Amino acid sequence: MGPMKKIAWTPFLYIAGYHLFLAVALPLYFIGHTPSAGLIWTMIGLVFLSGTAITAGYHRCYSHNCYKVHPVVDAILLFFGTLATQGSALRWANDHRLHHSYVDTDKDPYSVKKGLLHAHILWMFFRSEPIDPKVISDLTRRKMLNFQHKYYGLCMVIANASVFLAVGWIFNDYLGAFLFAWWVRTFLLHHTTWCINSLAHFWGTKNYSQEHSAVDNYLISLLTYGEGYHNYHHTFAYDYRNGIRWYHFDPTKWLIWILYKLGLATDLKKVNNYRIARHLLLQHKDELIRKLKESEAIQKVQEVAERLSQKLAKMQSLLDPKQVRDLKKSLKEDWRQWRLILKSLQKDPLLRA
Ligand SMILES: [Zn+2]
Ligand SMILES: [Zn+2]
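The rules behind each value
- Residues numbered from 1 in each chain as written.
- Chains lettered and ligands numbered in written order.
- Predicted model: local features only at pLDDT ≥ 70, side-chain atom pairs only at ≥ 80, totals over all residues.
- Heavy atoms only, no water.
- Helix = DSSP H or I, 4+ residues; strand = E, 2+ residues; numbered from the N terminus.
- Buried < 20%, exposed > 50% of the residue type's maximum accessible area, 1.4 Å probe, protein only.
- Polar contact = N/O pair within 3.5 Å; in protein donor to acceptor, adjacent residues only side chain to side chain.
- Contact = heavy atoms within 4.5 Å.
- Donors = N, O, S within 2.8 Å, 3.2 Å for Na, K, Ca; no water.
- Salt bridge = Lys/Arg side-chain N within 4 Å of Asp/Glu carboxyl O.
- Core = buried A, V, L, I, M, F, W, Y, C linked by side-chain atoms within 4.5 Å.
- Tetrahedral: all angles 85-135°; square planar, octahedral: opposite > 155°, others 65-115°.
- Expected span 1.5 Å × (residues − 1).
- Domains from an automatic or database assignment.
- Buried area = accessible area lost by both parts, 1.4 Å probe.
- 1 Å grid on protein atoms, 1.4 Å probe; cavity = no way out; pocket = protein on both sides within 12 Å on 5 of 7 lines; lining within 4 Å.
- Points joined across faces, edges and corners; volume = space filled by probe spheres on them.
- Nonpolar A, V, L, I, M, F, W, Y, C, P; charged D, E, K, R; others polar.
- Disulfide = S-S within 2.5 Å.
- Phe/Tyr/Trp six-rings, centres within 6.5 Å; stacked < 30°, edge-to-face > 60°.

Caption draft 1: Seen up close, the side chain of Thr 82. Checked against the element boundaries, Thr 82 lands in helix H3 (residues 71-83). Thr 82 gets classed as buried once you look at its relative accessible area, which sits at 5%. Within the structure, Thr 82 has its side chain in polar contact with the side chain of Gln 148 (distance 3.1 Å). Setting aside anything within four residues of it in sequence, one finds Thr 82 in contact with Tyr 58, Gln 148, Tyr 152, Cys 155, Met 156, Ala 159 and Asn 160.

Caption draft 2: Fine view of the coordination of the zinc ion (ligand 2). Note on the zinc ion (ligand 2): its protein donors are His 59 (NE2), His 64 (NE2), His 96 (NE2), His 100 (NE2) and His 233 (NE2). The metal-donor distances range over 2.0 to 2.2 Å. Taken in sequence order, the residues that donate to the zinc ion (ligand 2) follow the motif H-x4-H-x31-H-x3-H-x132-H. Separating the zinc ion (ligand 2) from the zinc ion (ligand 1) is a distance of 5.9 Å. Here His 59 is found in helix H2 (residues 37-63), whereas its partner His 233 is found in helix H10 (residues 230-235), with 174 residues between them in sequence.

Caption draft 3: Looking closely at the pattern of salt bridges. Evaluated as defined, the whole model comprises 12 salt bridges. Here Arg 307 ties to Asp 334 by a salt bridge, and the two come within 3.1 Å at their closest N and O atoms. With a gap of 27 residues between them, Arg 307 in helix H13 (residues 297-315) and Asp 334 in helix H14 (residues 321-347) connect regions that are remote in the sequence. You can call Arg 307 partly exposed: its relative accessible area is 33%.

Caption draft 4: View of the side chain of Thr 186. Structurally, the position occupied by Thr 186 is in helix H8 (residues 174-197). A polar contact of 2.6 Å, which involves the side chain of Thr 186, links it to the backbone oxygen of Trp 182. Beyond its immediate sequence surroundings of up to four residues, Thr 186 is in contact with Tyr 18 and Asn 160.

Caption draft 5: Expanded view of the nonpolar core. Residues Tyr 58, Tyr 62, Tyr 67 and Leu 77 are the most contacted members of the largest nonpolar core, which totals 56 residues. Ignoring any residue separated from it by four or fewer positions in sequence, one finds Leu 77 in contact with Ala 53, Ala 56, Gly 57, Tyr 62, Tyr 67 and Val 69.

Caption draft 6: Here's a closer look at the coordination of the zinc ion (ligand 1). Bound to the zinc ion (ligand 1) on the protein side are His 99 (NE2), His 201 (NE2), His 230 (NE2) and His 234 (NE2), at distances that span 2.1 to 2.2 Å. Coordination at the zinc ion (ligand 1) is irregular, judged from the four donor atoms that bind it and the angles of 94 to 164° they form at the metal. Read from N- to C-terminus, the donor residues coordinating the zinc ion (ligand 1) fall into the pattern H-x101-H-x28-H-x3-H.

Caption draft 7: Region of the structure containing H3. With 13 residues, H3 ought to run about 18 Å at 1.5 Å a step, and its terminal C-alpha atoms sit 18 Å apart, in line with that. Listing the buried residues of H3 in full gives Val 73, Asp 74, Leu 77, Leu 78, Phe 80, Gly 81, Thr 82 and Leu 83. With its phi angle positive at about 55°, Thr 85 sits one or two positions after the end of H3.

Caption draft 8: The arrangement of unusual backbone geometry in detail. A positive phi angle, close to 55°, is found at Thr 85, a residue other than glycine. Within the secondary structure, Thr 85 sits in the loop between H3 and helix H4 (89-101). Since its relative accessible area comes to 11%, Thr 85 is described here as buried.

Caption draft 9: Broad picture of the domain arrangement of the chain. We note that the domain assignment places domain 1 (9-266) and domain 2 (273-352) within the chain. Relative to domain 2, the C-alpha centre of domain 1 lies at a distance of 38 Å. The interface of domain 1 with domain 2 comprises 10 residues on the first partner and six residues on the second. Interface area for domain 1 against domain 2, summed over the two sides, is near 700 Å², with a carbon-plus-sulfur share of 56%. Per-residue buried area on domain 1 facing domain 2 is highest for Tyr 208, Gln 210 and Phe 236; these three make up 57% of the total on that side. Counting every contact that joins domain 1 to domain 2 gives zero salt bridges.

Caption draft 10: Region of the structure containing the layout of surface pockets. Considering only enclosed or pocket space, the largest pocket measures out at about 880 Å³ in volume. Lining the largest pocket are 32 residues, with Pro 11, Gln 86, Gly 87, Arg 91 and Met 124 sitting closest to its centre. Going through the elements one at a time, helix H1 (9-32), H2, H4, helix H7 (152-171) and H8 are the ones with two or more residues in the lining of the largest pocket. With five residues, the top contributor of residues to the lining of the largest pocket is H8. Classifying every residue of the lining of the largest pocket by side-chain character gives 14 nonpolar, 14 polar and four charged.

Caption draft 11: The state of the cysteines, seen in detail. A full pass over the atoms with the stated rule returns zero disulfides. For the unlinked cysteine Cys 61, the closest cysteine sulfur is that of Cys 66, found at 8.3 Å.

Caption draft 12: Focus on the packing of aromatic side chains. According to the stated counting rule, one finds 26 aromatic pairs in the structure shown. Between Phe 48 and Tyr 225 the ring centres are 5.7 Å apart and the planes differ by 65°, which places this aromatic pair in the edge-to-face class. Residue Phe 48 is found in helix H2, and its partner Tyr 225 is found in the loop between helix H9 (218-223) and H10; the two are separated by 177 residues along the sequence. With a relative accessible area of 4%, Tyr 225 lands in the buried category. On the numbers, 5.5 Å between centres and 90° between planes, the contact of Trp 246 with Tyr 247 is edge-to-face. One aromatic cluster is present, formed by Tyr 14, Tyr 18, Phe 21, Phe 164, Phe 178, Trp 182 and Trp 183 through successive ring pairs.

Listed below in structure tokens is the structure:
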């Protein structure tokens, strides 16, 4: 580790402070009160709204430019993103882009290599490098984002206070609203979002790439508004989807898709299926060759993989339907051979070693 980093007092006192506050206030509250079911459901709704504003707005829209939004949607995402109390969108995007470029190294602001707890929460307690204007040059031109960044503290307090007052007024329970619609909500939202940096780099399977610590985990997706397919995300970060199959739990993807159907989102970026297939093929090929070391099987693996990879690359750009059909037909045969190789080699004692 490098030289000792200085404590970032504001986030430290804020985060540690409200955890402490809840630890004391909640038991006291429950001595004489019970929150109404309506209040609890409103809180859960708010957790979900501000959580998806982070994943759809801060993450997939601002940090990765996976799609473009209508200014009204932009403002709504930014409002709920502010409510989430995770810093300004510019700061968030800056850190997140560094996380992707330098994942698992010292330059990764929330590198899991420094420990699960560091990636989850501790990283925020130390002063980070100032924002690098080059990293977010495309975002600094946007007026709303600049405004939010400049007046972040004020915006955050106003958003949270107005939501708490509105909920208090609706249920005629200001104390309950203060506790549940503000602080318990913040607590739940923070820890679920933070799981993306901690658990989604720790507990799951590496389906698309072995080159980084990110993993895919369905359970984490349930907790993180669809961001649990993190191995895919780190491999193809510009895709507006994280869970690419229709049955993958990715509410953020569904929200973006609905906005698109309503004409409120455009330019949804999606990775070509043949590109994903080719990526997987090359990944498996490398893995097999590494495991096989010296053996004649390597030649066969290389031959079939090479043929398939060329066809898949061609498939990504073909437009003529007849050519697509013909190539698809010949692809099928190669895929069959490839599956046979994978299968037979898995039985090979060399591979089990
Ligand atoms: Zn990550
Ligand atoms: Zn990302």
